[in-house]
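Chain residues, written in single-letter form:
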Amino acid sequence: MKKTIRYIGYILRDCRRAFPVFFAMNLGVDAVRAATAVMQPLLLARILELAGGAPAAEEGRLAGAIALYGLCLVCGPVADAMFRSGSKNARVRAEKYFGNQMTAFSAKIRLEALENPETLDKFGRANASMTNQIEFFEQMLFLSRSAVTCIGLMAVVGRYSPVLVFTGLFALCPGLLSKIYFEKRLTAFRRSQSSVLRRSAYLRGLFSRKESVREMRVMGFGEYLTDKWKETNAERARDYRKMNLDISKKQVWGIIVLNLCYAFNIGLSFYLMAAGRISMGAFAACLSAFTAYDGALGNLIAIMFGIVHTYHIAEDYYDYFTIPTEEDGTEQYRPFQNRISVRNVRFRYSGSSEEALRGLDCEIKKGEHVVIVGENGSGKTTFSKLLTGVYLPAEGEVLYDGQRTDRLCRKSLYRHISAVQQKFVRYRFSLRENIGISDVARMGDTAAMEQLLRRVAGEDFLKRVGGLDVQLGREFNGLELSGGEWQKVAIARGLWKDSDIVVLDEPTSALDPLVEYDILSKFAEMIRGKTSVIISHRVGICRAADRIIVMKEGRVAECGKHQELLQTGGEYARIWREQAKWYE
């Protein structure tokens, strides 16, 4: 309950901030709508009483009552037109406001959380519910109007018989309780389907990505993927139909009770008039009130069902903001002068039963060119993420001259680190933007960027692609580079940022070993004097390293220079012997 009250407060607060004019206007319009709905039966009774043989002196009052009744009838359509006009603009503003909130928060989420499938499910649900807050606000207005209308109409008929009030309220209970029950079932079902929907979207996306389409056609498994997509959706559709059928059957009982109460109230009103206990004008007022009440009550139950449903969808949006965010430190990073120390570091990914790092210890000295090698799954990439402060250790510490990464302001640390990831991003921008995005302030320095590209990609690369301002990627009618060319662009992007520490996490692993050796050798020359770390499962580049750190099963197995480790005859020597043929 506390969470519900808190979230409703968030929704109303955010709606007021997103569209303040529409918010205030609708509060006023809705109050007028509720008042006119209650006044209509009273005015109708007054008109019938004044018209039934009233003296000439009462003609002015009769005309006034008729005019006011007509005004009440006009208010509804005018208010609806104003609402529809403002609603479209409010929805645009809401999408911008809530989208900005979600984007800003997403930038702060701990990267470890993105390893958890539940985080992806929460993102999918939040993204789908991003503008449901305005719908919830509108339904809250409808709910308050319907509630005020029902109360007012019950007060009208209560003037003539308290029994009519009781039966009117009784009609509300079955429908309300059944709607709440059904909504709980629908919400539980919708949330249970998050991973299914994400899987369905993934399978559907395979048919729109050129790499997967090319492979499925050549290998001939397109029909298999189609069947998997159909199976995923068919199972969800069957579960939904079964649940929806059960709900529909039970809803009938609520409708029956509601209509029986309506018929009883009309019949009782007629009996009271026939018995002379109420006048014809009062009967007309009761008839008008019950007709309006029946409609308002149906709306009230439907709106309450809708508002609970919409709230649970909006709740998914605010639940997204409970994902752990990066815990930024307060200390400013001071560029290290001596060494980076890694002491007894342990780390486990969310949902994993095994540790990726199991008591890692090592040191990297300033200005060293270090290569970290090891077979797949040895913890190399995880180590690089903790080294750069992207991940924080569960136990142990990473220190830059005694400065712990978990206590540092992360931005101040990132300003001095450049990284090229194993799964680098191919931005569908211009070539200039693809490189310059790592240091936007220098993006206009054409001469420096061209010189960098010549060193990384070769003398003829720029001429072949058509210059720095060529659009890359076929999606936007641009030039498509080869895999190796994209990797060279990613390395150039990493080097464009003038940083003290450069980390390369297997960015060339998909290339031929000799090509990889050539690229990384050039890289080593270009960053001479900086502290550099290359993560690789290949050992060809190790001969040029100041120090080699060999990892195995989440720990440092060996550490030393190339010849030293070969003579030791340990893990490094074994890997070298297996890969030596690649470099002959």
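Residues numbered from 1 in each chain as written. Predicted model: local features only at pLDDT ≥ 70, side-chain atom pairs only at ≥ 80, totals over all residues. Heavy atoms only, no water.

**Side note on the environment of Arg404**
Tracing the chain through its elements places Arg404 in strand S5 (residues 403-404). Judged by its relative accessible area of 23%, Arg404 falls in the partly exposed class. Considered as a pair, Arg404 and Gly329 are 75 residues apart in the sequence and their alpha carbons are 9.4 Å apart. One polar contact links Arg404 to Asp406, side chain to side chain, over a distance of 2.7 Å. (Helix = DSSP H or I, 4+ residues; strand = E, 2+ residues; numbered from the N terminus. Buried < 20%, exposed > 50% of the residue type's maximum accessible area, 1.4 Å probe, protein only. Polar contact = N/O pair within 3.5 Å; in protein donor to acceptor, adjacent residues only side chain to side chain.)

**Examining the nonpolar core**
Taken as a class, soluble globular proteins show a tendency for nonpolar side chains to be buried jointly. With 42 residues, the main nonpolar core has Leu431, Ile435, Leu453 and Tyr572 as its most contacted residues. Per-element tally for this core: the top contributor is helix H17 (residues 483-496), with seven residues. Residue contacts for Tyr572: discarding those within four places in its chain leaves Val373, Val539, Cys542, Ile548, Val550, Glu558, His562, Leu565 and Leu566. Judged by nonpolar contacts, the second largest core, of 30 residues, contains Ile11, Leu141, Ile307 and Ile323. (Core = buried A, V, L, I, M, F, W, Y, C linked by side-chain atoms within 4.5 Å. Contact = heavy atoms within 4.5 Å.)

**Some details on a nonpolar patch on the surface**
Side chains of Met39, Leu68 and Leu71 sit close together on the surface and give an oily, nonpolar patch of about 240 Å² of accessible area. With respect to the element layout, Leu68 can be found in helix H3 (residues 59-106). (Patch = residues over 30% accessible without salt bridge, like charges linked within 9 Å, V, L, I, M, F, W, Y side chains within 5 Å. Areas by Shrake-Rupley, 256 points an atom, 1.4 Å probe, with all protein chains shown as cover. Salt bridge = Lys/Arg side-chain N within 4 Å of Asp/Glu carboxyl O.)

**Section: the packing of aromatic side chains**
The full count for this structure, using the stated rule, is 18 aromatic pairs. Both rings, one in Tyr427 and one in Phe429, keep their centres 5.6 Å apart while their planes meet at 15°; by these two values the pair is stacked. The class for Phe429 is partly exposed, based on a relative accessible area of 33%. Members of the aromatic cluster, joined through ring pairs, are Tyr7, Tyr10, Tyr97, Phe98, Phe105, Phe123, Tyr317, Tyr318, Tyr320 and Phe321. Across from the ring centre of Phe336, 5.3 Å away, lies the NZ or CZ of Lys366, which sits over that ring. Positioned above the aromatic ring of Trp496, the side-chain terminus of Arg442 is 4.0 Å from the ring centre. (Phe/Tyr/Trp six-rings, centres within 6.5 Å; stacked < 30°, edge-to-face > 60°. Lys NZ or Arg CZ within 6 Å of the ring centre and 35° of its normal.)

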